[in-house]
Amino acid sequence: MNKTNSNNVKIPGGKRIRFKTFKPQNNIKPQPIGPVTNKLANENKEKRNGKNLPLIATKTPVKSSKAPLFAHGSRIRIAKNKLLQKNQIRPYKRTKLKLLYRPNLSPQLEFLKLADSEPKFNTYENRFQRMMSVQTPRSVSKQLPKAPQGALKIIPLGGLCEVGKNLTCYEYENEIIVVDVGVKFPTEDHPGIDSVLPNMQYLYDNKDKIKGIFITHGHEDHIGSIAWLMEKVKAPIFAGPLAIKLIEKKLKERNLTNACRDLHVCHSGETVIAGKFKVEYIHVNHSIADAFSLAIFTPAGTVIHSGDFKVDFTPINGQAIDLQRFAELGKEGVLLYMCESTNATKNGYTMSEKTIGRCFDDYFREAAGRIFVSTFSSNVDRVSQVISAAEAYNRKVCLLGRSMQSVFQAAFDLGYIKIKHNTLIDLKDIHKYKPQELCFIMTGSQGEPLAVLSRVAYSEHPAISIKEGDTIILSSSPIPGNERSVVRVIDELYKHGATVIYNQLNEVHVSGHASREELKLMHSIIKPRYFVPGHGEYHMLYEHAKLAHELGQPWNNIFIMHNGDVLSLKDDFAAITGYVPGNDVLIDGSTRTLANTKVIQERHTLADKGLIDLAFAVNELNGDLLGEAEIKTVGFIFETDKGIEHNFKEVISREIQAAKKSGKPLATFLTSDYFRQKLLAYLHKATGREAEIIISIVPVRLR
């Protein structure tokens, strides 16, 4: 037998893998390898030559906290051409090794990896299921631990592994508080859908446990679904002054007047008692007024829920972020920090909102014609700076878009926007002024098809059309998933001869979210025992988790969660102990439906393939066909395919004649899979494409 010696390979996560190194034969240089599995062994059967591998990984955990070191100074890899024969691998060596160079991952995430190994998996089905499964409870083989008595449960129902529809539940014993109830804009993955809501079934089922709803700020991704929740839940709502104004308007639009009576305005430093919870509002800076982080005091410990924030020492309205209070909480001890991750991939610091005012001043000075500024309606500070620039250069301001007007009115009533009495004009009065005297502030910076900017760009607005000499400023950055829509709108604006200014060309937007250096600052002064990155796509959450680990947070105390996970915390116990429904709820008109519904898949299929509708009139008495088939096609036959429809009718007629000769009942034959497959085979041969075919039998009784 070959002589062996041991090499210890250190990996993050406090474990060590011990390698048995075999003496090389025929001058073969030893190579480090990774986990050996049956699947890999079978895939490489033809490549193996029966020789033993130089190195074999065995599972020998040893506590360690040092950086990873690999045998021979290189990374662990799999030598596919030197895998062992199946009968040479002992059972304990076939155990899949888990390299813990990552935080605690939701078991739902680990389950997703199985889809990559499915041998016969439809491409669209695979992508659709993977898209939905990050928000859907899965049947995971991993045995989940049981939460101890008196544990605090953190249950995100939205906002994780996505941007939008933020909703997090904190549960202790038989009491629940809810933080934010947001909405998400539909993407191309949601054809025909108006908006996307978090799945709030868990809250509906436990509505008697809800002690309060706490809102961090008034953006749509934090308050957009609150009317849907309040239809079935009765609970007090606590928020800042501007958010309360916006929530009240939403509730009145849905005729929820009773819920409007239980709205409570909160200011920085105030504490609300809700059952066993105490919630303190802490002032932060964001792209909307009255933004707060929440300090949630529970019997199990203190939780800081960051909300959306950045560190801005020169804000337009109000004070700078209350770093002193965060530091005080850090000294007292913080059990969990749940922090947003939107800009966790961006280095440095986020610029102050005040820097944009100087940019607006330059563009307003140089513009010779009308100026159109598109931004988020809720970005009150941005709107305020546009108005100030317009007034400085003697321009009148016209607000376009329903949400822009409603948010402006709420902010004006609270004193957050200062404007001269004669600056604001109505749309019907714009003809009274010269182009160089006009400024329009509008919605649609995300390329939404029904927003004002898109309608103007595509010449669909009844009162405004873009002309040469106009200047359009897109003062925002596209939300992930909206990039293509924004680019299309920009292209259309260029076609009109307008000057288009957007963030990729000029600095006309600053984010309202903390970049990496600001996140490091918050982690350093809070020093939480456990950390959950929130509010972001998966890569944002992961980068934020890595950042926390670089600052000294142990991997075992960091949790990357998915919507619907239940994280339980108590003293030294921290684990995901269960799941609740966390998938999307789609709003289509007045209909609410789950995101994994068959209807959405069918819409994708119709958009991809097109539709052919065949209608046959059949004599009800004798089963004979009455006339030719009625054919209607949608999205399948191009202008160059006109001859196909005639040939398609001949194929149908030929198949029907063959069925008659064989004595088959006509109605049964027309609805059979055999007939459908014959038609699909012809279409594929003639066009190289397939369509969805709907066959209808219309019985007719002749007199």
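Details of the structure are given in the entry above.
Residues numbered from 1 in each chain as written. Predicted model: local features only at pLDDT ≥ 70, side-chain atom pairs only at ≥ 80, totals over all residues. Heavy atoms only, no water.

Undergrad: Please explain the state of the cysteines as it appears in this structure.
TA: Here a disulfide denotes a covalent bond joining the sulfur atom of one cysteine to the sulfur atom of another. In the structure shown here, the tally under the stated rule is zero disulfides. Here Cys398 is not cross-linked by a disulfide; its sulfur's nearest cysteine counterpart is in Cys439, at 9.4 Å. (Disulfide = S-S within 2.5 Å.)

Undergrad: What is the right way to read the sheet that holds strand β6 (residues 167-172) from this model?
TA: Sheet strands pair via backbone hydrogen bonds, and the direction of the pair is either parallel or antiparallel. Strand order in the open sheet made by the eight strands is β11-β10-β9-β7-β6-β5-β24-β25, with mixed pairing throughout. Of all the strands in the sheet, just β11 (263-265) and β25 (573-579) have a single pairing partner and so form its edges. Ignoring which end each strand starts from, the neighbouring axes of this sheet average 25° apart. Direction of pairing for β6 relative to strand β7 (residues 175-179): antiparallel, over a ladder of five bridges. Bridged to Thr168 within β7 is Val179. (Pairing = 2+ DSSP bridges. Helix = DSSP H or I, 4+ residues; strand = E, 2+ residues; numbered from the N terminus. Axes fitted to C-alpha atoms, helices over the stretch in contact; angles between N-to-C directions.)

Undergrad: Just checking my understanding: could you explain empty space enclosed by the protein for this structure?
TA: Over the atoms rolls a probe the size of a water molecule, and its path tells where empty space is left. In total, this model carries five cavities of 30 Å³ or more according to the counting rule given. Its boundaries defined by the atoms lining it, the largest cavity holds a volume of some 130 Å³. Lining the largest cavity are 17 residues, with Asn166, Thr168, His305, Gly534 and His535 sitting closest to its centre. For the lining of the largest cavity, the secondary structure elements donating two or more residues are β6 and β16 (336-340). When residues in the lining of the largest cavity are grouped by element, the largest group, three residues, is from β16. (1 Å grid on protein atoms, 1.4 Å probe; cavity = no way out; pocket = protein on both sides within 12 Å on 5 of 7 lines; lining within 4 Å. Points joined across faces, edges and corners; volume = space filled by probe spheres on them.)

Undergrad: Explain the packing of aromatic side chains here, please?
TA: Between two aromatic rings, the relevant description is the distance of the centres plus the angle of the planes. Evaluated as defined, the whole model comprises ten aromatic pairs. Ring geometry for Phe372 versus Phe440: centroids 4.7 Å apart, planes at 10°, classification stacked. Of this pair, Phe372 sits in strand β17 (residues 371-374) while Phe440 sits in strand β19 (residues 438-442), and the two are 68 residues apart along the sequence. Ring geometry for Phe648 against Tyr682: centres 6.1 Å apart, planes inclined by 20°, an arrangement best described as stacked. Of the two residues, Phe648 is situated in helix α18 (residues 642-661) and Tyr682 in helix α20 (residues 673-687); the sequence distance between them amounts to 34 residues. Overall, the relative accessible area of 3% leaves Phe648 in the buried class. Through a chain of ring-to-ring contacts, three or more aromatic side chains come together here, namely Phe616, Phe669, Tyr674 and Phe675. Positioned above the aromatic ring of Tyr204, the side-chain terminus of Lys232 is 4.6 Å from the ring centre. (Phe/Tyr/Trp six-rings, centres within 6.5 Å; stacked < 30°, edge-to-face > 60°. Buried < 20%, exposed > 50% of the residue type's maximum accessible area, 1.4 Å probe, protein only. Lys NZ or Arg CZ within 6 Å of the ring centre and 35° of its normal.)

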